[in-house]
Each structure stands twice: as structure tokens, then as C-alpha cells.
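Single-letter residue listing:
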Amino acid sequence: MKPRRSILSVPGHVGKMHQKAHRSRADVIMLDLEDSVPLEAKDNARTAVVNALRTIDWKERVVTARINALDTPFGYRDLLVLAEEAGDRLDSVVIPKVDHCADIHFADKMLTGIEMAKGLANRIGLEAIIESARGLAGVDIIAGSSERLVTLVFGVADYSASIGARLASISGHGEKEEELYPGHRWNFAMSRLVMAAKANGLMAIDAPYGNFKDPEGLRRSAIMAGALGFDGKWAIHPEQLDTINTVFSPSPADIERARRVIEAYEEAQAAGRGAASVDGRMVDRATVRLAQQLWEQARHLKLV
Ligand code: GLV
Ligand code: MG
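Enquirer: Tell me about the packing of aromatic side chains, and name the residues and values.
Expert: Under the criterion given, the structure shown has three aromatic pairs. Judged by centre distance (5.5 Å) and plane angle (55°), the rings of Phe154 and Tyr159 are tilted. For the pair shown, Phe154 and Tyr159 are each scored as buried. A centroid spacing of 6.3 Å and a plane angle of 55° characterise the contact between Phe154 and Trp186, whose relative ring orientation is tilted. Within this pair, whereas Phe154 is found in strand S6 (residues 149–154), its partner Trp186 is found in the loop between helix H8 (177–180) and helix H9 (187–199), the two being separated by 32 residues in sequence. Each member of the pair, Phe154 as well as Trp186, is classed as buried. Above the ring of Phe74, the side-chain terminus of Lys42 is found at 5.8 Å from the ring centroid.

This is the structure in C-alpha cells:
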């Protein structure tokens, strides 16, 4: 699967930003029809996104589109129009406010019909944003509800609203956290989502850090997500991309250590020993698995 370290969310109604996004360093460009688009621009945004999908040469880049929630007057039409008119250019459709596996079943069946009707050679993926108490309560069932699913996304802003949590700023997790809660207050929700995603072979993606003038806060928030098992994070501004890409890529020191761990373990095995040591730390099967994962990721990103 292609890496999804950074996902640049671009408002669907602002055509010139689509061109600009195309030149950015994001692993994924997500054209948004939902919350970055004002109500009066919903129809224009849909047309502009189809136009961007059809006219920009996205090359190898992963391109997705976030539709409106399926219980709004816009969501069903977003799905229909995008898949019918630009389904051959879309890697996946991102569904917000997934509270129930029925949302995923509905989208899956619609896409199956459209792919058959249009004779599409590709299969359009699905990504589910978990951003309510109900969604998180059913996250295991949602995560296993369709072969099309590629990621689960943690939508911290809507999730906060859903549970009535007090926020320091809109989608600002990581920002002023210490004043609100001693510890990482999204630990449970985020770990819960990661567990469901990984148990079903999906990537876990973190929501954006809202304050794009606070690179240090963004870095902290991304590091925390990475430590909890997330594979990548949304960005709402191109200036956030370098930080996110760096945090979610193995560093040269990580890669070097992984190489030494794998080598030390292989040597220990050849000598009939179960464990080895590197830099005074024990290396066992679990350590090797971590090192192998990191090595694979580095290979994927062409860093080794
Ligand atoms: C993203 O959609 C969020 O609600 O944080
Ligand atoms: Mg949201």
C-alpha cells in the first residue's frame, strides 16, 4: 500500500488551490466537499472537484475526496457524481461522521453498481472518519465492514463536539493540552481506533492540527500520534507537510538501528541463541518485528 504519511485537505470550491496542492509534497491530496466548504458552495464544489480530478495530471499521487455525511442532503449526490464522473481518477472516497457500518455498506454497494455500470477497471477505496461517540463505540464492526476500506481517520474536532469535551481551539489537539488535562487526553480514543484499524489491516490516520502557525505544536501532536500507532496525519496547510512527512518517516538513526537489530538477531540465531543485545538493550523477537516493520517502511519510502 502506498504511504499515507501526510494528507493535504483542500477546500473543494477553491479551484486554484487544487493546482497548488498538486505541486505540494503531500503523499495524498484530499479534495474536500465537507466542512471546509460553505453550504452555499456545495454544488459548485462538487463540480470543481470533478473538474480537478479530470483535468489535473495527478500522476502517481494518491487522490481522494471527502464527501458530505450520508445523512445530509449532499452526501448521496457527492458519492454518485464523483464516482460516475471521475471514478477512474479516484483512489478513495472519504466518508465523514461514520456512526454505523450501514454507512460503509451503503457506499460500498453504490460504488459496486457504479463501477459495473461505467466499466471501471479500478476499485474505488473507502476511508471512514470516526468522529463521534457512537462511531467509536462501534469502531471494530465499522473497521471490518468492507473490503474497500483502506483507513480509519480520527476526527478530533467533531469527536470533541460529540462528547462535549472542552477545546482549546478548533481541531487543536496538542495545543494547550497541559492546561486542560495532565496527560494525553485523546489517548484512549486514539488507541481504540488504532486497535480496530490494525486488527483489520487498515491504516490509522490522525486529524489535522488546526493552528498552522504553530509548527512546534504540530510536531508534538504528530509525534504523539505516531507513538500511538498512527501512520499519518492530515494537513490543512502546505506548510505543515514537511513536519508531518518527517515525523512519519523513519529517521536515518532509526534505520541504522533497525539494521543493527536485525543483524544482531540473525547472528544470535545462527549461534543458537534466542536473544541478542544492541547498545546494552535486549533484542528479542518482538524487537526484531518492530525493526523489520521500520525497515519495510523505509524501503517503501525509498530511504534504503
Ligand atoms: C475532522 O474531520 C475533524 O472533525 O477533526
Ligand atoms: Mg470532522
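Enquirer: I'd like to hear about the coordination of the magnesium ion (ligand 2), residue by residue, with values.
Expert: Protein-derived ligands of the magnesium ion (ligand 2) are Glu131 (OE) and Asp158 (OD), with the metal-ligand distances lying across 2.0 to 2.2 Å. Note that Glu131 is positioned in the loop between strand S5 (125–130) and helix H5 (133–137) and Asp158 in helix H7 (residues 156–163), a separation of 27 residues in sequence. By relative accessible area, which is 5% here, Glu131 ends up buried. Asp158 sits in the partly exposed class, given a relative accessible area of 23%.

Enquirer: Could you give an account of the pattern of salt bridges, with specific residues and numbers?
Expert: On inspection of all chains with the given rule, the structure shows 26 salt bridges. Measuring nitrogen to oxygen at the nearest pair gives 3.1 Å for the salt bridge that ties Asp231 to Lys198. Here Asp231 is found in the loop between helix H10 (215–227) and strand S8 (232–235), whereas its partner Lys198 is found in helix H9, with 33 residues between them in sequence. The class for Lys198 is partly exposed, based on a relative accessible area of 39%. The closest approach of N and O atoms between Glu263 and Arg259, which form a salt bridge, is 2.8 Å. Placement of both Glu263 and Arg259 in helix H12 (residues 252–270) is noted, with a separation of four residues, approximately one turn of the helix. Owing to a relative accessible area of 37%, Glu263 belongs among the partly exposed residues under this scheme. Arg259 sits in the partly exposed class, given a relative accessible area of 29%. Several salt bridges converge on common partners, so that one network encompasses Asp32, Glu34, Asp35, Arg66, Lys97 and Asp158.

Criteria and thresholds
- Residues numbered from 1 in each chain as written.
- Chains lettered and ligands numbered in written order.
- Predicted model: local features only at pLDDT ≥ 70, side-chain atom pairs only at ≥ 80, totals over all residues.
- Heavy atoms only, no water.
- Phe/Tyr/Trp six-rings, centres within 6.5 Å; stacked < 30°, edge-to-face > 60°.
- Buried < 20%, exposed > 50% of the residue type's maximum accessible area, 1.4 Å probe, protein only.
- Helix = DSSP H or I, 4+ residues; strand = E, 2+ residues; numbered from the N terminus.
- Lys NZ or Arg CZ within 6 Å of the ring centre and 35° of its normal.
- Donors = N, O, S within 2.8 Å, 3.2 Å for Na, K, Ca; no water.
- Salt bridge = Lys/Arg side-chain N within 4 Å of Asp/Glu carboxyl O.

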